[in-house]
Amino acid sequence: MTTTASPRVLEHPARDQIRLEEVLHALADAVRLRIVRDMAREDTELSCSHFDLPVTKSTTTHHFRVLRESGVVRQVYRGTAKLNVLRREDLDALFPGLLDTVLAAATAQADREAAGEGGGATA
């Protein structure tokens, strides 16, 4: 028996279902913000394995799921690879300037930390 439904089709919120609080939650995590910064810089579809993250594979999967379910990224299968792309157009239409502001702030923070001024995360 064959069906048209495929377990390789991932659910994404439609543009009008993307909620600001879910986007902010997704971007509030340092690992997820790093993923989004990398995706914005590359501006193309990237496989999950492209990212060299300091977490386990299962935790990486969790971070990508949060980004997908919040509407920050779109994930599609191409063969055996799961590719990710930033939903910049949707985010910019819904929340003008938000993504650029968050990315600029994250870059400024990373630059401060690299210069030894930031000292990393605080409790």
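Please refer to the structure placed before this passage.
All residue numbers refer to position in the chain's written sequence, counted from 1. The predicted origin of the model limits local features to residues at a pLDDT of at least 70 and limits the giving and counting of side-chain atom pairs to 80 or more, whereas totals for whole chains, interfaces and linings rest on all residues. Hydrogen atoms and water are omitted, and side-chain values are computed over all heavy atoms in the structure.

Undergrad: Whenever I open this one, the overall build of the protein chain confuses me. Can you help?
TA: Only DSSP runs of H or I with at least four residues qualify as helices, and only runs of E with at least two residues qualify as strands; both kinds are numbered from the N terminus onward. The helix and strand inventory of the protein chain stands at five helices and three strands. In the protein chain, buried positions account for 33% of the 123 residues. Here the contacts in the protein chain between residues at least 6 apart in sequence split such that 64% fall between residues at least 24 apart. Using a 1.4 Å probe on the protein chains alone, a residue whose accessible area is under 20% of its type maximum counts as buried, one over 50% counts as exposed, and one in between counts as partly exposed. Here, residues are in contact when the closest pair of their heavy atoms is within 4.5 Å.

Undergrad: In this structure, what is going on with the pairing of strand 2 (residues 73-78)? I would like to understand it.
TA: Two faces belong to every sheet, and in a regular strand the side chains alternate between them. In this structure, strand 2 lies alongside strand 3 (residues 81-86), joined through six bridges in antiparallel fashion. Across the sheet, Arg74 pairs through a bridge with Val85, a residue of strand 3. Between strand 2 and strand 3, which pair antiparallel in sequence order, lie two residues; one of them, Gly79, sits at a positive phi of approximately 65°. Strands pair, by our definition, only if DSSP identifies at least two bridges between them.

Undergrad: Is there a simple way to explain the environment of Leu86 in this structure?
TA: Assignment of secondary structure puts Leu86 in strand 3. Residues Leu86 and Arg37, spaced 49 residues apart in sequence, show a C-alpha to C-alpha distance of 9.6 Å. In contact with Leu86, other than residues within four places in its own chain, are Val36, Met39, Ala40, Val72, Val73 and Leu99.

Undergrad: How do you make sense of helix 3 (residues 57-70) when you look at a structure like this?
TA: Each turn of an α-helix holds 3.6 residues, which means side chains three or four residues apart point in the same direction. In a helix, the anticipated span is given by 1.5 Å times the number of residues less one. When the terminal C-alpha atoms of helix 3 are compared, their 20 Å separation across 14 residues agrees well with the 20 Å that a helix rising 1.5 Å per residue should span. Turning to helix 3, its buried residues number three or more, namely Thr60, His63, Phe64, Val66, Leu67, Arg68 and Ser70. On its buried side, helix 3 packs onto helix 1 (20-27), helix 2 (30-42), strand 2 and strand 3. Positioned one or two residues after helix 3, Gly71 has a phi angle of 95°, which is positive.

Undergrad: Is there a simple way to explain the sheet that holds strand 1 (residues 46-47) in this structure?
TA: Strand pairing in a sheet takes place through backbone hydrogen bonds and is either antiparallel or parallel in direction. Spatially, the three strands line up as an open sheet ordered 1-3-2, and their pairing is antiparallel. Here the strands that pair on one side only, and so sit at the sheet edges, are strand 1 and strand 2. Bridge count for strand 1 against strand 3 is two bridges, and the pairing is antiparallel. The residue bridging Leu46 from the neighbouring strand is Asn84, located in strand 3. Note on geometry: axes are lines fitted to C-alpha atoms, helical ones only across the stretch in contact, with angles between N-to-C directions running from 0 to 180 degrees. Its contacts with the sheet put helix 3 on strand 2 and strand 3, and the angle it makes with strand 2 is roughly 115°.

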